[in-house]
Amino acid sequence: MTKKALITGITGQDGAYLSEFLVKKGYKVYGALRRTSSTNTSRLSYIGVLGDIELVSMDLAEITNIQRLIERIEPDEIYNLAAQSFVQTSYEQPIFTSDIDGIGVTRILETVRNLGGKPKFYQASTSEMFGQAQQSPQNENTPFYPRSPYGIAKLYSHWMTVNYREAWNMFACSGILFNHESPLRGTEFVTRKISQGMAQIALKKIKKINLGNLNAERDWGFAGDYVEAIWNILQQDKPDDFVISTGENYSIEDFAREAFNVVGLDWKKFVKSNVSRYLRPSEVPSLLGDSSKAIKQLKWKPKVLFKDLCLMMVESDLKNFNLTLDEAKKIAKKL
């Protein structure tokens, strides 16, 4: 019998890669999105799965909508990737972030509980829950110390997932994913801002990239690798939570250097640090994950590491501007 999966946040980076992964596994995939006047399915088209999934309307703020949809579809697995996912925006919209990223998850969990707990449930947790990390590297037993409304809302939904698992014997799991990037990453995020900005510099569309704190360190992996771990989490005999990471961290400066190195440019000539412009009310200086548990139990490990990730993103953004890597290198020699 064909398995059915419901993915919320289907139009995001992870939603697109997970859709592709599940379609290849033979799943019937339903993609839940919040209906707006301008629904953006470009990532699904880019990755070639838009015609293979069924899009459905779902709003995490409306529990009756959630209930009707899950009752109709009867999914075997639910992957909740929907969220207000921008840390900076969470400071500007803390109530909305709390409702969608926190209470919205509870609405799904309560619906599943009322349906007898049949669908397996995956919650997209985040390394931002560690925030001001109490130890390094961070694993499943590291105390949480979130430093933003986004991290706090995600921590609420993380513990709510644990509670529903323990109180109602539901197959409810969380993946504590560290930063994961790809050519599908939104241009609001610093890694894509760098890779796209470098391509624009090569085309002489802009002269510099403005960034914030170049010393901030993150554990960056490839989103396409991480969705395989997400799926594996729901295939285990018992529900549990897992840290998913590369075990390596690099600074924003490191990412900029590596991205510009791809075409032979000195990043220092083209990157401007404006810390005050991009300063958050409370910063997270460094995050580094320990995914030993996932490596052992899920038999998973990242395939794409930092240097190759930078190359992948730069090549993709050059292609978006109709430039090959060789052409960009020739242009770079004249800059």
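Refer to the preceding data block for the structure.
Now for a description of the structure that goes with this document. The shown structure was predicted, so the numbers you read here are calculated from the model rather than taken from an experiment.

Next up on the list: the overall build of the protein. A count of helices and strands for the protein gives 13 helices and 13 strands. Relative to the compact-globule value of 20 Å for 335 residues, the protein shows a C-alpha radius of gyration of 20 Å, a close match. Along the first, second and third principal axes, the C-alpha set of the protein runs to 65 × 45 × 40 Å. Buried residues in the protein amount to 53% of all 335 residues.

Okay, the sheet that holds strand 5 (residues 120-126) next. One open sheet holds the 7 strands; their spatial order is 3-2-1-4-5-6-11, and the pairing between them is parallel. Only two strands of the sheet have a single partner each, and these edge strands are strand 3 (54-57) and strand 11 (242-244). Each adjacent strand pair in this sheet contributes to an overall mean axis angle of 25°, direction not counted. Looking at chain direction, strand 4 (residues 77-80) and strand 5 are connected through 4 bridges and run parallel. Looking at the pairing, Asn80 lines up with Gln123 of strand 5. Relative to strand 5, helix 6 (residues 149-168) is tilted by about 150°, and along the sheet it contacts strand 5 and strand 6 (172-177).

Now for the pattern of salt bridges. Throughout the structure, instances matching the rule amount to 13 salt bridges. Residues Lys28 and Glu54 are paired through a salt bridge, measuring 3.4 Å at the closest nitrogen-oxygen approach. Within this pair, whereas Lys28 is found in strand 2 (residues 28-33), its partner Glu54 is found in strand 3, the two being separated by 26 residues in sequence. Residue Asp241 is joined to Arg165 by a salt bridge in which the shortest nitrogen-to-oxygen separation is 2.9 Å. Residue Asp241 is found in the loop between helix 8 (223-233) and strand 11, and its partner Arg165 is found in helix 6; the two are separated by 76 residues along the sequence. Like Arg165, Asp241 is buried.

This part covers the pairing of strand 6. Burial analysis of strand 6 places 6 of its 6 residues in the buried class, which makes it a mostly covered element. Burial of the side chains of strand 6 extends over both faces: Ala172, Ser174 and Ile176 are buried on one face and Cys173, Gly175 and Leu177 on the other. For strand 5 and strand 6, the ladder comprises 6 bridges, and the chain directions are parallel. Pairing of Ser125 across the sheet is with Ile176, part of strand 6. The parallel pair strand 5 and strand 6 is bridged by helix 6, and the resulting crossover is right-handed. Taken together, the 3 bridges between strand 6 and strand 11 define a ladder with parallel strand orientation. Directly across from Ile176, in strand 11, lies its bridge partner Val243.

What characterises a pair of aromatic rings is the spacing of the ring centres plus the angle enclosed by the ring planes. Overall, the coordinates contain 13 aromatic pairs when judged by the stated rule. Between Tyr17 and Phe222, the ring centres sit 5.5 Å apart and the planes meet at 75°, which makes this aromatic pair edge-to-face. Residue Tyr17 is found in helix 1 (residues 13-24), and its partner Phe222 is found in strand 10 (residues 221-222); the two are separated by 205 residues along the sequence. Judged on exposure class, the residue Tyr17 and its partner Phe222 are both buried. On the basis of an interplanar angle of 45° and a centroid distance of 6.2 Å, the ring pair of Tyr79 and Tyr122 is categorised as tilted. Taken together, the positions of Tyr79 in strand 4 and Tyr122 in strand 5 put the pair 43 residues apart, joining distant regions of the chain. Residue Tyr79 shares its accessibility class with Tyr122, and that shared class is buried. The ring centre of Tyr30 lies 5.2 Å from the NZ or CZ of Lys28, which sits over that ring.

Cut-offs and rules
- Residues numbered from 1 in each chain as written.
- Predicted model: local features only at pLDDT ≥ 70, side-chain atom pairs only at ≥ 80, totals over all residues.
- Heavy atoms only, no water.
- Helix = DSSP H or I, 4+ residues; strand = E, 2+ residues; numbered from the N terminus.
- Rg over C-alpha atoms; globule rule 2.2 N^0.38 Å.
- Buried < 20%, exposed > 50% of the residue type's maximum accessible area, 1.4 Å probe, protein only.
- Pairing = 2+ DSSP bridges.
- Axes fitted to C-alpha atoms, helices over the stretch in contact; angles between N-to-C directions.
- Contact = heavy atoms within 4.5 Å.
- Salt bridge = Lys/Arg side-chain N within 4 Å of Asp/Glu carboxyl O.
- Right-handed = clockwise from strand over helix to strand, strands pointing away.
- Phe/Tyr/Trp six-rings, centres within 6.5 Å; stacked < 30°, edge-to-face > 60°.
- Lys NZ or Arg CZ within 6 Å of the ring centre and 35° of its normal.

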